[in-house]
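Residues per chain, in single letters:
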Amino acid sequence: MDSNQSMRLLSSWIGQIGDLGLNLLWRFIHIVVSLWYIVSGISEAIESYAISLGLNKKYSSIDLEKLRCLAVVVDIEAVQDVAKVVELLQWLTTIGVKQVGLFDSQGLLKKSKDLILETVPGSMLLEEIGKDFSPDGKRIALEFISSSDNKEAVMKAANILLQRYLKSSHPENDQGENFFTESHLNEALGVVGENVHVPDLLLVYGPIRSHLGFPAWRLRYTEIVHMGTLKYMRYGSLLKAIHKFTGVHQNYGT
Amino acid sequence: MIFIHSIIHAKHLQFFTLSTMLSLLCFLLSLLFLLLLPCLRPCFSAKGSLKDKKKIDKGTYVVGEEEPPKGLRRELMPRHVAVIMDGNRRWAKQAGLLTSQGYEAGAKRLIEFAELCFKLGINTVSAFAFSTENWGRHKIEVKCLMYLFQRYLKSKIQFFQSKEIRVSVIGNLAKIPESLLGIITEIEDATKSYKKKHLILAIDYSGRFDILRACKSIVKKSEQGLIREEEVDETLLERELQTKCTEFPSPDLLIRTSGEQRISNFFLWQLAYTELFFSPVLWPDFDKDKLLDALDSYQRRERRFGCRV
């Protein structure tokens, strides 16, 4: 019995030492991985500053032909700092982006619209521009969007189509096939003020990787990039994201 | 004097060397202590846990469910995970296999993925299997895909029944072969009574078409007098979307594999506040570890659903 007990005790000790050793190894791996993340974060920051200073020739000229419309989603906490939004827009103007849709879920940017238009040189409201107008030089067309342009707008547009359908003379078996098409809904969205400018690229500034209710109807093939918080935005990272987008190839499902 | 100085100098040197070594030793011991401290805690609590095990309320343990790995919390698990299974063709090309083999590997991966999600306590898993735009692919490839869906669904009916997984298929379904439609009806009927685990397959699905279809459904109900025009609102439209088949229509987490960073017309309405996780890994390689990474990333995020906290 004594030898059995001592064997059990010994095996329990060996087990505990083994567990300790494995835990130690796990903690060591954790430290190595954390150091790796720190190092990659630092190198990313250095790369970003190098891009900002124009040291990286790869980003010195970007072909923006593919980027007809850019959208920016800003977290509501960050929106309070309008200066940062203005700075971002100035950077985008410098890069040569012609059309930007600014979105925040609560519509706070819409309220600061006048301030932003005044502070960002060369900026104008997209809705004031004619269809044939194309901004030249360092001019940028801005659109201010909020959650009310998302589901609420689709609902209003759906109601318009419903009213049109009910007022029209249609066969009994008709289930609205000719009334409820994408182009009809696009047109109805235009009537309710939701000009469907489909962004090619959506930059999300915020702590979470979500588009925070950006108008769903527009997002079909939009490239979505999470940029981190607006507070720590970097010109180099912005340039890198746009440059990466210009290299993306879309199959559109085919 | 010089001799005394040299002795004193030697003594100082010795002392200095000794103190340096002692400091280094202290530093290493502190580092070791910092490393060991978290390791020692479980050891000290290990003895207690043997007693505690007896006190565990057996009512909280659900048979078949897996304990979430360390770092993940069960109460923070998403209720609905959606996945865009991208990269099957590229995977096959990289592996020197046929495209159809890539799709087979993708189908197998989906079953493993869904099973693991359910074990971790996730209620609903939805997968973007075939989009409306995919009809534009080569006819033979599309035919292969339809045949794969048919064969796989048919072979897995018993599996889904044994695991009590409800299977629903959403999408236009107007163009898919009759034989596949038959299998879909069979599997939906065979599994409709199961509530806890729900697998939704989106075949011939388009987010825009889903919204339009919901509008048409409202029109039909309005004509039948079931709803009035003024009652049409977001909630009503949401109830008419194809995700009405699930208790949790809006995914908490969307995973897209193969490095593409877009939603490609999947669940446009439903993804408003969904956490988006874009993984560079190709879908057939998206194993348990990658899923845990995605869940870990999800649990770290502070989701505010557009409101200020």
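Heads up: the structure comes first, above all this text.
Model, not experiment: these values are computed from the prediction.

Reading the values: rules and limits
- Residues numbered from 1 in each chain as written.
- Chains lettered and ligands numbered in written order.
- Predicted model: local features only at pLDDT ≥ 70, side-chain atom pairs only at ≥ 80, totals over all residues.
- Heavy atoms only, no water.
- Helix = DSSP H or I, 4+ residues; strand = E, 2+ residues; numbered from the N terminus.
- Buried < 20%, exposed > 50% of the residue type's maximum accessible area, 1.4 Å probe, protein only.
- Contact = heavy atoms within 4.5 Å.
- Areas by Shrake-Rupley, 256 points an atom, 1.4 Å probe, with all protein chains shown as cover.
- Pairing = 2+ DSSP bridges.
- Axes fitted to C-alpha atoms, helices over the stretch in contact; angles between N-to-C directions.
- Salt bridge = Lys/Arg side-chain N within 4 Å of Asp/Glu carboxyl O.
- Phe/Tyr/Trp six-rings, centres within 6.5 Å; stacked < 30°, edge-to-face > 60°.
- Lys NZ or Arg CZ within 6 Å of the ring centre and 35° of its normal.
- Patch = residues over 30% accessible without salt bridge, like charges linked within 9 Å, V, L, I, M, F, W, Y side chains within 5 Å.
- Buried area = accessible area lost by both parts, 1.4 Å probe.
- 1 Å grid on protein atoms, 1.4 Å probe; cavity = no way out; pocket = protein on both sides within 12 Å on 5 of 7 lines; lining within 4 Å.
- Points joined across faces, edges and corners; volume = space filled by probe spheres on them.
- Nonpolar A, V, L, I, M, F, W, Y, C, P; charged D, E, K, R; others polar.
- Core = buried A, V, L, I, M, F, W, Y, C linked by side-chain atoms within 4.5 Å.

> Can you explain the overall build of chain B? Please cite residues and give values.
From N to C terminus, chain B includes nine helices and six strands. Looking at chain B as a whole, 46% of its 309 residues are labelled buried. The long-range fraction of contacts in chain B, counting pairs at least 24 apart against all pairs at least 6 apart in sequence, stands at 76%. For chain B, the computed accessible surface area is about 17,200 Å², with 59% contributed by carbon and sulfur atoms.

> Any details on the sheet that holds strand β6 (residues 275-278) of chain B? Residues and values, ideally.
All names here are of chain B. Here we have six strands laid out as an open sheet, ordered β3-β4-β2-β1-β5-β6, and parallel in their pairing. Edge positions in the open sheet fall to β3 (165-170) and β6, since each of these has one partner strand only. Each neighbouring strand pair of the sheet contributes to a mean axis angle of 20°, computed without reference to strand direction. Both strand β1 (residues 80-84) and strand β5 (residues 253-256) contribute to a ladder of four bridges, which runs parallel. Bridging from a neighbouring strand, A82 pairs with L254 of β5.

> A description of the pairing of β5(B) should follow, citing residues and the corresponding values.
All names here are of chain B. In β5, alternate side chains face the same way, and those of L253 and I255 on one face and L254 and R256 on the other are all buried. Here β5 runs beside β6; their pairing, made up of four bridges, is parallel. Counterpart to L254 in the pairing with β6 is L276.

> Tell me about the pattern of salt bridges, and name the residues and values.
The final tally for this structure, using the stated rule, is 25 salt bridges over all chains. Put simply, A:K84 and A:E87 hold a salt bridge, and the shortest N to O gap is 3.8 Å. Of the two residues, A:K84 and A:E87 both sit in helix α3 (residues 82-95), three residues apart, roughly one turn of that helix. Taking the shortest distance from any N to any O, the salt bridge between B:E141 and B:R89 comes out at 3.3 Å. One end of the pair, B:E141, is in helix α4 (residues 139-155); the other, B:R89, is in helix α2 (residues 88-95), and 52 residues separate them in sequence.

> A description of the packing of aromatic side chains should follow, citing residues and the corresponding values.
Applying the stated criterion to the full structure yields 14 aromatic pairs over all chains. Between B:F128 and B:Y205 the ring centres are 6.1 Å apart and the planes differ by 85°, which places this aromatic pair in the edge-to-face class. With B:F128 in strand β2 (residues 124-131) and B:Y205 in strand β4 (residues 197-205), the pair connects residues that are 77 residues apart, well separated along the chain. For B:F128, a relative accessible area of 8% gives the class buried. Classification of B:Y205 as buried rests on a relative accessible area of 0%. In this arrangement the basic side chain of A:K66 is found over the ring face of A:F245, its NZ or CZ atom lying 5.6 Å from the centre. Residue placement shows B:K156 over the ring face of B:F159; its charged tip is 5.1 Å from the ring centre.

> Residue-level account of a nonpolar patch on the surface, with values.
All names here are of chain A. A cluster of nonpolar side chains, namely L22, L25, W26, F28, I29, V32, V33, W36 and Y37, defines an oily patch on the protein surface of about 990 Å² accessible area. Residue position: V32 is located in helix α1 (residues 2-52). Accessibility expressed as a relative area gives 42% for V32, which makes it partly exposed.

> Lay out the interface of chain B and chain A with the relevant residues and their values.
Contacts between the two partners involve 51 residues from chain B, matched on the other side by 57 residues from chain A. Between chain B and chain A, the buried area comes to about 5,100 Å², and carbon and sulfur atoms account for 58% of it. At the junction of chain B with chain A, the criterion picks out three salt bridges. A salt bridge links B:R262 to A:E223; the shortest N-O distance between them is 2.7 Å. Among the secondary structure elements, those contributing two or more residues to the side of chain B that touches chain A are α1 (2-55), α7 (207-223), α8 (234-240) and β6 of chain B. With 10 residues, the top contributor of residues to the side of chain B that touches chain A is α7(B).

> Tell me about the layout of surface pockets, and please be specific about residues and values.
All names here are of chain B. Put simply, the second largest pocket is a space of about 850 Å³. In terms of lining, the second largest pocket is formed by 40 residues, of which the most central are M85, D86, N88, A129 and R137. Elements that contribute at least two residues to the lining of the second largest pocket include exactly α2, α3 (99-119), β2, α4 and β4. In terms of residue class, the lining of the second largest pocket is made up of 20 nonpolar, 11 polar and nine charged.

> Lay out the nonpolar core with the relevant residues and their values.
In globular proteins that are soluble, nonpolar side chains generally tend to be buried together. The biggest cluster of nonpolar side chains holds 52 residues, and the ones touching the most others in it are B:F113, B:L201 and B:I255. Examining the composition of this core, we find that nine residues originate from one element, α3(B), more than from any other. With near-sequence residues (within four places) excluded, B:L201 lies in contact with B:L110, B:A127, B:L153, B:V167, B:S168, B:V169 and B:I170. A:V74, A:V97, A:L102 and A:V120 belong to the second-largest nonpolar core, a separate cluster that totals 41 residues.

> Quick one: what's the story with the environment of A:V73, residue by residue and with numbers?
On the secondary structure map, A:V73 appears in strand β1 (residues 70-74). Ignoring sequence-local partners within four residues, the contact set of A:V73 consists of A:F103, A:L202, A:L203, A:V204, A:Y205, A:H211, A:L212 and A:F214.

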